[in-house]
Amino acid sequence: MRPFFILTVICAVIGALAGVYAPRTSEATIYHFQLLVHPGASQTLNCGWHDGHCPNNPSAGHALDWANSAQYQINWRSFGWRSFSGSGVIARGTIKGVREECWKVKVEVRSSIPSGVIQGVISYTHSDTSMSGTTFDINGSSSYQWTARAVGYTRETDEPGCMTAHHLHQTDSVTGWSRNSAKYPTANECQPGWEGCDNPHPIYTFGYHQTSHGWYYEF
Amino acid sequence: MGIRKSRRLIYWGAAVIVALAVGVGCFLGARTLADDGSGATAEPKALPADWDRYFNEDAQRPRFNQEINGILVGPTAPTPDYGGLCDGPDVELLYPPAGSKVGGDLDFEPGYLPEGVDAHPQPDHVAVRKCSGTIVTVWKEYQVPSKFDQRDPTSAPLWSGGEFSIMRERSTVRAFPLMGAAERMGPITIAGRPAVLMRPVMPEGVDIGMGDMAIVIAEDFGLTAIQGSGLPLSEFIKIAEGLYSEVGQ
């Protein structure tokens, strides 16, 4: 009787531990997504890659300065991609107007899959909005889909020290985002004849995004 | 003798089968308990699929300036009055290199940061405004990664992730522009100081930091403003209170 009891206890313990810690063996499905965010103002580049003020930290900065007159529109522009067929909403943008060290319009990008999870924040500095708190759909398809909409406007004035001439300073949340170095120069880098230094830039054309980000979800 | 032996074998076989059955039962039971979200492994409330509807409804609600706890907040509340320090040409907005100390009486290190938040903001995410040789603004921004139950990353997030900033400003007026619906704002006390809380939008009560929230605190020197998203409200309040712990001073 005693050996049977011991055997039963051992089986129970092993079974319970395996139940908690053993890996799930269900077959996984992985969906991939990518978002290419394009410049949101005019086609004229005022300053190449930098951080903070132009031309600070051109080696690592994710910001570009785009010419834009006071009160002129600031726009979300993107191509979205997903690995499965058809088209649909791959993320939602929430527009936020905030006063930080300068005035900014921010678009928080939250994925549809997984639902509501942050994928990044695009910041449009020296800007303001009357749409704070509203959301919009960011579309994607297996062959890339365009989304464009107004999110704010360039402010007439900004806080002390923020802006010397009207423009859009556009950047991203950096972590997990890649800048498109192939198409746009750093703040110090323009060489004669390089198309990246010519204006106007074809900012609506596929491939001329400013920054990009990818994510995936495993079921 | 042969019958006895085979009986013994049958008994042992039955015993092993019973023991294995108990083991399998424990395996399935433990797995179910580990998955059912009860007790210590409480499953977070799922975000409604149409979460954006709650934001767009909130965006339609009235916004107006109001004084709460002696602080004027609202969409057209005035920006800080630096007491004339920034009226002249001696105005600088600096973005110090990552990791460098800002210094001065407005500088701070958060006494509490939620798990996964890097205490050292990236370049471009720290700014200092200096007017007439005096620091009047210190601003730092922190990234908040999303957070899931590690045992089931396909479950609803515990934190949706985002970013928040902390800004301290020298000001002779206690006013700060906040764009949220007026009904989301109310009084709060942070470490004994009067403050304004702008609660986040919580779709169906889901508190994972989907919407913008803010805490504006009255200070002797002016104001501290904490703004952001990505975390439950309780974590956000802990960040504010952490500024007044020994580390945050």
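See the structure printed just above.
These numbers come from a predicted model, not from an experiment.

Explain the overall build of chain B to me, using residue names and the numbers behind them.
Along the backbone of chain B there are 3 helices and 11 strands. The helix and strand sequence of chain B, counted from the amino end, reads α-α-β-β-β-β-β-β-β-β-β-β-β-α. In chain B, which comprises 249 residues, the share counted as buried stands at 49%. For chain B, restricting intrachain contacts to residue pairs at least 6 apart in sequence, the fraction spanning at least 24 positions comes to 66%.

Please provide a residue-by-residue account of the environment of Glu163(B), values included.
The topology assignment puts Glu163(B) in strand β6 (residues 162-170). As for Glu163(B) and Asn69(B), which are separated by 94 residues in sequence, their C-alpha atoms are 26 Å apart. Setting aside anything within four residues of it in sequence, one finds Glu163(B) in contact with Lys106(A), Val121(A), Ser173(A), Glu141(B), Tyr142(B), Gln143(B), Val144(B), Gln227(B), Gly228(B) and Ser229(B). A polar atom in the side chain of Glu163(B) sits 2.7 Å from the side chain of Lys106(A).

Which residues make up the nonpolar core, and what values go with them?
One finds Phe164(B), Ile166(B), Ile190(B), Ile215(B), Ile217(B) and Ile226(B) to be the most contacted residues of the largest nonpolar core, which totals 29 residues. Elements with a contribution of two residues or more to this core: β4 (126-131), β5 (134-144), β6, β8 (185-190), β9 (193-198), β10 (213-218) and α3 (233-242) of chain B. Filtering out sequence-adjacent residues up to four positions away, Ile226(B) remains in contact with Phe164(B), Ser165(B), Ile166(B), Met213(B), Ala214(B), Ile215(B), Ile217(B), Phe236(B), Ala240(B) and Leu243(B). Trp49(A), Ile90(A), Ile95(A) and Tyr124(A) belong to the second-largest nonpolar core, a separate cluster that totals 27 residues.

Break down the sheet that holds β9(B) for me, citing the residues and quoting the values.
All names here are of chain B. The 8 strands are arranged β3-β4-β5-β6-β11-β10-β9-β8 in an open sheet whose pairing can be described as antiparallel. Among the strands making up the open sheet, the edge pair consists of β3 (91-94) and β8. For this sheet, the mean angle separating the axes of adjacent strands, direction not counted, is 15°. Inspection of the sheet shows β8 paired to β9 by 6 bridges, in the antiparallel sense. The residue of β9 that forms the bridge with Met185 is Met198. Running at roughly 25° to β10, α3 makes contact with β6, β8, β9, β10 and β11 (222-228) of the sheet.

So what's going on with the state of the cysteines? Which residues, and what values?
For the structure shown, the criterion picks out 3 disulfides over all chains. Note that Cys47(A) is cross-linked by a disulfide to Cys54(A), the S-S spacing being 1.9 Å. A torsion of 85° about the S-S bond marks the disulfide between Cys47(A) and Cys54(A) as right-handed. Bridging Cys86(B) to Cys131(B), the disulfide has an S-S length of 1.9 Å. Given an S-S torsion of about 95°, the disulfide between Cys86(B) and Cys131(B) has right-handed geometry.

Lay out the environment of His32(A) with the relevant residues and their values.
Residue and element names in this part refer to chain A. Residue position: His32 is located in strand β1 (residues 30-37). It is 10.0 Å that separates the C-alpha atoms of His32 and Ser142, two residues lying 110 residues apart in sequence. Apart from residues lying up to four places away in sequence, His32 is in contact with Trp81, Arg82, Ser83, Trp215 and Tyr216.

For the pattern of salt bridges, give the residues involved together with the corresponding values.
Per the stated rule, a full pass over the model turns up 28 salt bridges over all chains. A salt bridge links Lys106(A) to Glu141(B); the nearest nitrogen and oxygen atoms lie 2.4 Å apart. Of this pair, Lys106(A) sits in strand β6 (residues 103-111) while Glu141(B) sits in strand β5, on two different chains. By the burial criterion, Lys106(A) is buried, and Glu141(B) matches it. One salt bridge connects Glu183(B) with Arg61(B), and the closest N-O pair in it is separated by 3.6 Å. Separated by 122 residues along the polypeptide, Glu183(B) in the loop between β7 (175-177) and β8 and Arg61(B) in the loop between α2 (51-59) and β1 (66-68) bring together distant segments of the chain.

Could you give me a rundown of the pairing of strand β7 (residues 118-125) of chain A, with the residues and numbers involved?
Residues and elements named next belong to chain A. Counting buried positions along β7 gives 8 out of 8 residues, so the element sits mostly inside the fold. Where β6 and β7 come together, 7 bridges link them in antiparallel fashion. When the sheet's bridge partners are listed, Glu108 is paired in β7 with Val121. Here β6 hands over to β7 after 6 residues, with Gly116 in that stretch at a positive phi of 80°. Bridge analysis of β7 against strand β11 (residues 167-171) gives 3 bridges, and the strand direction is antiparallel.

What counts, and at which threshold
Residues numbered from 1 in each chain as written. Chains lettered and ligands numbered in written order. Predicted model: local features only at pLDDT ≥ 70, side-chain atom pairs only at ≥ 80, totals over all residues. Heavy atoms only, no water. Helix = DSSP H or I, 4+ residues; strand = E, 2+ residues; numbered from the N terminus. Buried < 20%, exposed > 50% of the residue type's maximum accessible area, 1.4 Å probe, protein only. Contact = heavy atoms within 4.5 Å. Polar contact = N/O pair within 3.5 Å; in protein donor to acceptor, adjacent residues only side chain to side chain. Core = buried A, V, L, I, M, F, W, Y, C linked by side-chain atoms within 4.5 Å. Pairing = 2+ DSSP bridges. Axes fitted to C-alpha atoms, helices over the stretch in contact; angles between N-to-C directions. Disulfide = S-S within 2.5 Å. Salt bridge = Lys/Arg side-chain N within 4 Å of Asp/Glu carboxyl O.

Purely geometric numbers; function is a separate question.
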